[in-house]
Amino acid sequence: MSNNIILSAKNISKTFVISEDSHNTVKHRLFNLFNPPRRKRVEAIKPMSLEIQKGESIGLIGRNGSGKSTLVKVLAGVYPVDTGQLKINGSTMLMNLGVGMSHELTARENVYISGSVLGLKIKQIDAIFDEIIDFAELREFVDTKIKFFSSGMVARLGFSIAVKAGADIMFLDEIFAVGDMKFQEKAVKVFETSWIAGKTVILVSHTMETVRKYCNRTMYMRHGELVYFGDTAKAIELYEADNH
Ligand SMILES: Nc1ncnc2c1ncn2[C@@H]1O[C@H](COP(=O)(O)OP(=O)(O)OP(=O)(O)O)[C@@H](O)[C@H]1O
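Given the structure is predicted, the values throughout are model-derived calculations rather than measurements.

Some remarks on unusual backbone geometry
A positive phi angle is found at N11, which is not glycine, with a value near 55°. Mapping N11 onto the fold places it in strand β1 (residues 5–20). For H223, which is not glycine, the phi torsion reads 45° and is therefore positive. Locating H223 in the fold gives a position in the loop between β8 (217–222) and β9 (225–231). A count of 14 C-beta atoms within 10 Å places H223 in the partly exposed class.

Okay, here's the thing in structure tokens:
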């Protein structure tokens with residue numbers, strides 16, 4: 001892998017097998033004993049190859065169900081690939097509605113666990129702990145189990161950890177869609193500071209303005225296929241043309 005390439009994927013794919021269970025009442029099940037529910041294959045990620053350079057800010061767009069979340073989960077190592085190879089040259093962090101957070105643990109415990117997963121030592125986490133909690137505006141809830149948090153509060157905690165502890169590659173799945181307006185403004189501000197400069201970011205978003213503003217290249221997905229990966233304006237144009 002060349003020095004500047006932080007992520008390289010060759011022919012990766014991911015298929016889910018789901019059962020189309022229409023037999024969900026007792027009556028249906030009894031009358032269909034010999035006619036089990038059918039299994040359906042969903043090719044969430046059709047074979048694709050891509051390379052991302054260090055420091056790039058990449059947009060990921062596409063309609064609901066086109067495979068965006070599955071792709072970031074595969075690239076972040078949450079799901080194993082079915083085929084192909086994935087090479088990552090650094091630490092990764094996936095931020096969406098609380099993925100990676102343990103709901104039975106408190107905000108404090110989650111900060112320490114996420115920090116260690118990101119490779120920080122306890123002392124390093126101690127040093128940024130207050131900043132994380134204050135940025136997330138969760139001081140009052142620091143010792144509350146996050147299962148009692150709203151989804152926006154969980155997202156705020158995840159985003160604050162990302163901002164303060166940071167991984168080499170940040171996957172941000174619809175982070176601007178969660179959190180209240182005030183927090184969204186704060187999240188956007190982070191993007192406008194130098195934070196984004198040293199990081200490699202993959203931003204999943206349905207808001208074209210955000211993608212246009214912050215992403216130097218963009219991937220457009222349709223039905224699990226990577227239709228286009230390149231210039232952001234062109235990707236948005238293709239997406240909008242398909243959805244007219
Ligand atoms: N864990 C899973 N098990 C089975 N099928 C799944 C799973 N996760 C996703 N899928 C299926 O894979 C396809 C792609 O879903 P995915 O969530 O990646 O789309 P998306 O582009 O992120 O959608 P959205 O914009 O709504 O978030 C969909 O058909 C979905 O039903």
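There's plenty left to go through after this.
Quick notes on the environment of F183
Mapped onto the secondary structure, F183 falls in helix α6 (residues 181–192). Among the residues examined, F183 registers 21 C-beta atoms within 10 Å and is labelled buried. As for F183 and F34, which are separated by 149 residues in sequence, their C-alpha atoms are 54 Å apart.

Notes on the pairing of strand β7 (residues 200–204)
Most of β7 is tucked away, with five of its five residues classed as buried. Burial along β7 is two-sided: the residues T200, I202 and V204 and V201 and L203 are all buried. Judged from the five bridges that link them, strand β6 (residues 169–173) and β7 form a sheet pairing that is parallel. What sits directly across from L172, in β7, is L203.

Rules of the game
Residues numbered from 1 in each chain as written. Predicted model: local features only at pLDDT ≥ 70, side-chain atom pairs only at ≥ 80, totals over all residues. Helix = DSSP H or I, 4+ residues; strand = E, 2+ residues; numbered from the N terminus. Buried ≥ 20, exposed ≤ 12 C-beta atoms within 10 Å, placed from the backbone. Pairing = 2+ DSSP bridges.

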